[in-house]
Amino acid sequence: MDSMDRSRAFLRDVKRLVVKVGTAVVTRSDGRLALGRLGALCEQIKELNSQEFEVILVSSGAVGIGRQRLRYRQLVNSSFADLQKPQVDLDGKACAAVGQNSLMALYDTLFSQLDVTSAQLLVTDNDFRDKGFRSQLSDTVKSLLSLKVIPIFNENDAVSTRKAPYEDSSGIFWDNDSLAALLALELKADLLVLLSDVDGLYSGPPSDPHSKLIHTYVKERHQGEITFGDKSRVGRGGMTAKVKAATGAAYAGIPVIITSGYAPANILKVLKGDRIGTLFHQDAHLWEPQKDVGARDMAVAARESSRRLQAISSQERRKILLDIADALEANEKLISAENEADVAEAQQTGYEKALVSRLALKPGKISSLANSIRTLANMEDPIGHVLKKTEVSDGLILEKTSSPLGVLLIVFESRPDALVQIASLAIRSGNGLLLKGGKEARRSNAILHKVITEAIPDSVGGTIIGLVTSREEIPDLLKLDDVIDLVIPRGSNKLVSQIKNSTKIPVLGHADGICHVYVDKSADLEMAKRIVLDAKIDYPAACNAMETLLVHQDLVHTGGLNELVVNLRIEGVILNGGPRSSSLLNIPEAGTFHHEYNSLACTLEIVDDVFAAIDHIHQHGSGHTDCIVTEDHEVAEVFIRQVDSAAVFHNASTRFSDGARFGLGAEVGISTSRIHARGPVGVEGLLTTRWILRGSGQTVDGDKGVVYTHRDVKIESQLVN
């Protein structure tokens, strides 16, 4: 069991929990009640109640709600002359009395709609000085919980004698956060959840992009590192109050989690063991999970290692790749065993066949990957390649050279072979690398990462390739735009879209692989059948597999369409049709043309001519790879010139759209972007440029003493290192 599993293992035994909801969650920024958030909170408590959890709620918000209501009433009853007078702030105790009534009325209404009964318990600091009160409180709550009634606590600010606006060192509690911690101890709760307006405790203000979420609070390490933001906009607390309350409760034996009350199901997620929010626990110092020092440190370590990699010779970099290839083959049995375990678990879990297919490392795959790495190693070193050389002025030479991008973050699903390809490309291009694979391939990814990094010499360091094992760490990584230079997602449309919408870091990749094969009327039919079958059945789960077959209308009458259909059906391909083909061939009509099957299925449609095929591709395609099969070269040229995709083929299967098959050695992914790399992305797609200027003391001096020549200079040496 790893540190993350240990740190959340206690949740399995939780029966009674105290949930504290802060003012910033209960109310909106204008002071009015946040009905949606409160409704979601009550629904969660209803769900927990039905699961036999005992839930005690501590709710702030009365003062804020009362102030808003009284201000409104004051405004309604004011004359114009009154409005000209200086406005006196409302009495806080009056606000508390009015607001508490409104707050509890709302809780009662919401819970009643869910067939749940709630009860109000107002307490003051002085109450807890009475042992009899504490005993009676415990008995009352015990009775309410046995009846499945939700006790709702709040400090009775309307009659409280405490004068300190924030923390009274002589008091037993000083706000609702410390009240919640006190109640958790008094009522022997198993867990305290403090709901806030942020995801948890950050190393600095949450708005600061350099701040990172602290998943497990270790007092000895974190208390001197954290910079707190402002206190609550309407309550007395804020994160400082929450941390003090959480630390006190945790060291008294009550685990605490601070998490967002804005998310609609965070309490349920906490109890399922999801790694959200910040955990406070008396044993936290024993866990010290690597994840808490992971995201930024991992990225920084990858950058430092990449700089060491760039500093060594081309031959040394080549040897690293050859050693990795040898290590993979030497550990093939171990890798296969781990991969088989992943496949078996995926099948048992009920994953789709397409995913299981991508997950499996078939016989010979390791040798194939090793050979691809050797091919990559024997290519010309891409780092420091002089691309252009210019004499700027007499004795002033400018060189444009190839240079690594820096640190890459690759998020990929299912395919462990992608880890090998990406790692080898990163090393060849001198880049640091962070990898996040799918949980279904965790064993395969872990052993491949171990084998590869152990083959990297200490002079460079295995930290050049970091393996991210927690899904929860991705949001932290996506904030590191000052350390990570490029994100490449390889997976579903949903994954790519989520990443693009969650980061300032440039993203390279493709969301869909909707590849077309258009069979023209002049096509060699036997060739067309071979290409269509290969494009569909060679590897249906690949992003370069054919998903839509377009057929010229003349082939309907010549029998060509029928032959193509028969061949596909013999191979077990399920056909869905467009409006024209579905009625003609009596096949189900496709719900949409923009669909990636990743399986033995495809869409078929009949088009008028090459121009109709081009229009169809532009309207429904994804810009990945599209093919025309024709013997008419003029038609082929029209197709090639006008189809705006990353790869366009004539008389060749779409399955050739691959970095290794293009001779790139391997690929980090396929990009449909129009900025930077496009199509299969190999080493060149992971490089940028630098300008190197060599002079002999020249100065600009207002351009008075410089005669610019800007003359191209012949490149004699292709390497600067």
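Residues numbered from 1 in each chain as written. Predicted model: local features only at pLDDT ≥ 70, side-chain atom pairs only at ≥ 80, totals over all residues. Heavy atoms only, no water.

The name given to the chain in an unreviewed UniProt entry is Delta-1-pyrroline-5-carboxylate synthase, with Cucurbita maxima as the source organism.

Caption draft 1: Inspection of the sheet that holds strand β23 (residues 687–694) at higher detail. The strand order across the open sheet built from four strands is β23-β10-β9-β24, with neighbouring strands paired in antiparallel fashion. Both edges of this open sheet fall to β23 and β24 (708–712), since each of them pairs with a single strand only. Across the sheet, the mean angle from the axis of one strand to that of its neighbour is 25°, orientation sign disregarded. Two strands pair when backbone bridges link them, and strand β9 (residues 386–393) and strand β10 (residues 396–404) are joined in this way by six bridges, in the antiparallel orientation. By the bridge assignment, V386 is partnered in β10 with T401. (Pairing = 2+ DSSP bridges. Helix = DSSP H or I, 4+ residues; strand = E, 2+ residues; numbered from the N terminus. Axes fitted to C-alpha atoms, helices over the stretch in contact; angles between N-to-C directions.)

Caption draft 2: Main features of the nonpolar core. With 49 residues, the main nonpolar core has I324, L328, I410, L433, L435 and I465 as its most contacted residues. The biggest single contributor to this core is helix α18 (residues 416–429), with eight residues. Each residue touching I410, except ones within four places of it in the same chain, is listed here: I422, L433, L434, L435, K436, I488 and V668. With 37 residues, the next largest nonpolar core counts F173, L183, L192 and A249 among its residues. (Core = buried A, V, L, I, M, F, W, Y, C linked by side-chain atoms within 4.5 Å. Buried < 20%, exposed > 50% of the residue type's maximum accessible area, 1.4 Å probe, protein only. Contact = heavy atoms within 4.5 Å.)

Caption draft 3: Broad picture of the confidence of the model for the chain. On average, residues of the chain carry a pLDDT of 86, and 89% of them reach 70 or more. In this model residues 1–5 is a low-confidence stretch, pLDDT under 50, and it forms eight contacts with partners more than four residues away in sequence or in other chains. (pLDDT = per-residue confidence, 0-100.)

Caption draft 4: Region of interest: the side chain of R428. Position of R428 relative to the elements: it lies in helix α18. Here the side chain of R428 touches M379 through a polar contact of 2.6 Å, landing on its backbone oxygen. Excluding its chain neighbours within four sequence positions, the residues that come into contact with R428 are L321, L376, A377, M379, E380, D381, P382, I383 and V683. (Polar contact = N/O pair within 3.5 Å; in protein donor to acceptor, adjacent residues only side chain to side chain.)

Caption draft 5: Geometry of the pattern of salt bridges. Counted under the stated rule, the structure contains 28 salt bridges. Across the salt bridge formed by R303 and D485, the nearest N and O atoms sit 2.8 Å from each other. Of this pair, R303 sits in helix α13 (residues 295–311) while D485 sits in the loop between α20 (474–478) and β14 (486–490), and the two are 182 residues apart along the sequence. Residue E399 is joined to R694 by a salt bridge in which the shortest nitrogen-to-oxygen separation is 3.5 Å. Separated by 295 residues along the polypeptide, E399 in strand β10 and R694 in strand β23 bring together distant segments of the chain. Residue classification places E399 among the buried positions, given a relative accessible area of 6%. Accessibility expressed as a relative area gives 44% for R694, which makes it partly exposed. Salt bridges linked by common partners bring K20, D177 and K242 together as one network. (Salt bridge = Lys/Arg side-chain N within 4 Å of Asp/Glu carboxyl O.)

Caption draft 6: Region of interest: the pairing of strand β11 (residues 407–412). When you tally the buried positions in β11, you get six out of six residues, the bulk of the element. Side chains of β11 alternate between two faces, with V407, L409 and V411 and L408, I410 and F412 buried alike. Relative to strand β12 (residues 432–436), β11 runs parallel, the two being bridged by five bridges. Bridging from a neighbouring strand, I410 pairs with L435 of β12. With α18 bridging β11 and its parallel neighbour β12, the resulting β-α-β unit is right-handed. (Right-handed = clockwise from strand over helix to strand, strands pointing away.)

Caption draft 7: Examining the packing of aromatic side chains more closely. In total, this model carries five aromatic pairs according to the counting rule given. Taking 6.3 Å as the distance between ring centres and 20° as the angle between the ring planes, the aromatic pair formed by Y107 and F111 counts as stacked. In this pair, Y107 and F111 are both assigned in helix α6 (residues 92–113), four residues apart and thus about one turn of the helix distant. In this structure F111 comes out as buried when scored by relative accessible area, which is 0%. Their ring planes at 80° and their centres at 5.5 Å tell us that F128 and F133 sit as a pair that is edge-to-face. Looking at F128, the relative accessible area reads 2%, which means it is buried. Judged by its relative accessible area of 23%, F133 is partly exposed. Positioned above the aromatic ring of Y262 is the side chain of R37, whose terminal nitrogen or guanidinium carbon lies 4.0 Å from the ring centre. (Phe/Tyr/Trp six-rings, centres within 6.5 Å; stacked < 30°, edge-to-face > 60°. Lys NZ or Arg CZ within 6 Å of the ring centre and 35° of its normal.)

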